[in-house]
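This is what each chain is made of:
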Amino acid sequence: MAQQRGRIIKGEPQLLKDQHGLAISTSSSEAAASFDRTILAYLKYRTDTQQHLARTIAADPQFGLAHCLAGYFAMLSYKLANVPLAAEAARAAHAMTASATAREKAHVEALDAWIAGDIDHALMIWDDIVTEYPTDVLAFRLAHFNNFWLGRPEAMRASAEQAFSKWGQDMPGYGSILSCRCFANEECGDYAAAEPSGRAALEIDPADFWGIHAIAHVMEMQGRRREGIDLLENHEQYFAGGNNLIHHLWWHRAMFHLEQREFEAVLDLYDRRFRNLASPLNQALPDLYIDVQNAASMLFRLDRQGVNVGDRWIEIADKAEQRIGDCLSAFTQPHWMMALAATGRDDAASRMLEAMRVFGLGSGAVARVVGTIALPVSDAVLAHRRGEYGRAVDLMKPVLDEMHRLGGSHAQQDVLEQLFLDSAVNANRGEDVRLMLARITARHPISPERRIGYAEAARQFRH
């Protein structure tokens, strides 16, 4: 059980403990309490997370771990323009943690590594922190998230199972451990192990958005479309105060409607929910990576079904032009390209590909993934839109086995698999069509004949 917040640690006068019993280098009980609220708000995807952090720093401007957390939040945007903000926070954190605990210093070292592009080193530090301090939910959650965006579900599951064995249900944030355990097991294909953890998380807090999200993924993979719609409809009452993950939940609901060929419902959700450009969330973060992925992948799917999406690609393409050279989110690159290709912006598309080539020459896991996987896949997106279907297949086929390293869930990666399939169909390359159908059949419990993006190809090429 977590030790009482504000307890003084022997031998370290005025050093307090957080809600999980971990030493924090602040003597301000107000800062300690605000830090705890910041962590819980971060775990729960709340819009007031930054306000809690601002109050923490205001209560104790010398609290180094709080400055480190500010740097983490800047990096979590996966936006190049925010890296200088993270670096500034890291400098402040260094200056203020000279006499801090070893755990807090390790967090600052992890931030440094992340800023430098060495995410593998950051992950190693977070894993070491969790091994020594199992209740450090910040290190756990950062590792969970970054392993996800590197396509490492087994690492996610190993970490979640390790944490689960060390936590108790009376500890603050326990529901988030359950939600992460649910999602990690789902991504590893163990749906029977996944769903009970997600359900348990929602029993603790029905507004646990990561838990709702994880169960939605289980239902998506199992083809439980009506149940998925009901899940999201029933939990809509808890969405107030949620950050942009709410948009992703609406995207999941649209995915269920798409599978039922309810295209008007999909477009309504697009315009009023997850891509409502007038909403406060979109106004505050108009080009957030997950929102771009939601929008572009849905428009691509609708295009494939012959649905007229109007001018919806334009605003995404406008933003894509502003983000050329920003490759911190490897999985977002093909989505930016979808918008540029759909709007015929060939010059911008060429510049984006060249920027990816340059970025891919750098060091670190993300640079390697961008250079070896995101680049050919993005090139294939452009070729597909131009009607160069054989070239699109040739670009993607060598990296199919590595495409998961772009990050993203099975449900999200599906749009790239549809890209390959559609290219193979249009190029009349039956062997490659059957290759993709076999790949998704091996991983997805629902047969291609029962899935909207695959049914026609399955009927045409399997018999």
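Scroll up a little and you will see the structure.
Values in this document were obtained by computation on a predicted structure and should not be read as measured data.

Caption draft 1: Examining the side chain of His107 more closely. Relative to the assigned elements, His107 resides in helix 5 (residues 102-115). Given the relative accessible area of 0%, His107 is considered buried. Side chain to side chain, His107 and Tyr72 meet in a polar contact 2.8 Å long. Beyond its immediate stretch of four places on either side in the chain, His107 contacts Leu65, Cys68, Tyr72, Trp126, Ile129, Asp136, Leu138 and Ala139.

Caption draft 2: Region of interest: the nonpolar core. With 159 residues, the main nonpolar core has Tyr72, Trp114 and Trp126 as its most contacted residues. Per-element accounting of this core gives the leading share, 12 residues, to helix 20 (residues 365-385).

Caption draft 3: Up close: helix 11 (residues 209-222). The terminal C-alpha atoms of helix 11 lie 20 Å apart, and with 14 residues this matches the ideal 20 Å at 1.5 Å per residue to within 8%. Extensive coverage of helix 11 is indicated by the burial of 13 of its 14 residues. Among the residues of helix 11, the N-terminal cap falls to Asp208, whose side-chain oxygen and the backbone nitrogen of Trp210 are separated by 3.3 Å. Backbone geometry just after helix 11 places Gly223 at a positive phi near 70°.

Caption draft 4: Broad picture of empty space enclosed by the protein. A complete count under the given rule lists 7 cavities of 30 Å³ or more for this structure. As for the largest cavity, its lining consists of 14 residues, of which Asp18, Phe35, Ile39, Asp136 and Leu138 are closest to the centre. Broken down by secondary-structure element, the contributors of at least two residues to the lining of the largest cavity are helix 1 (29-43), helix 5 and helix 7 (137-148). Here the residues of the lining of the largest cavity sort into 6 nonpolar, 4 polar and 4 charged. Put simply, the second largest cavity is a space of about 60 Å³. Elements represented by at least two residues in the lining of the second largest cavity include exactly helix 11 and helix 13 (245-259). Residue composition of the lining of the second largest cavity, grouped by class: 2 nonpolar, 2 polar and 5 charged.

Criteria and thresholds
- Residues numbered from 1 in each chain as written.
- Predicted model: local features only at pLDDT ≥ 70, side-chain atom pairs only at ≥ 80, totals over all residues.
- Heavy atoms only, no water.
- Helix = DSSP H or I, 4+ residues; strand = E, 2+ residues; numbered from the N terminus.
- Buried < 20%, exposed > 50% of the residue type's maximum accessible area, 1.4 Å probe, protein only.
- Polar contact = N/O pair within 3.5 Å; in protein donor to acceptor, adjacent residues only side chain to side chain.
- Contact = heavy atoms within 4.5 Å.
- Core = buried A, V, L, I, M, F, W, Y, C linked by side-chain atoms within 4.5 Å.
- Expected span 1.5 Å × (residues − 1).
- 1 Å grid on protein atoms, 1.4 Å probe; cavity = no way out; pocket = protein on both sides within 12 Å on 5 of 7 lines; lining within 4 Å.
- Points joined across faces, edges and corners; volume = space filled by probe spheres on them.
- Nonpolar A, V, L, I, M, F, W, Y, C, P; charged D, E, K, R; others polar.

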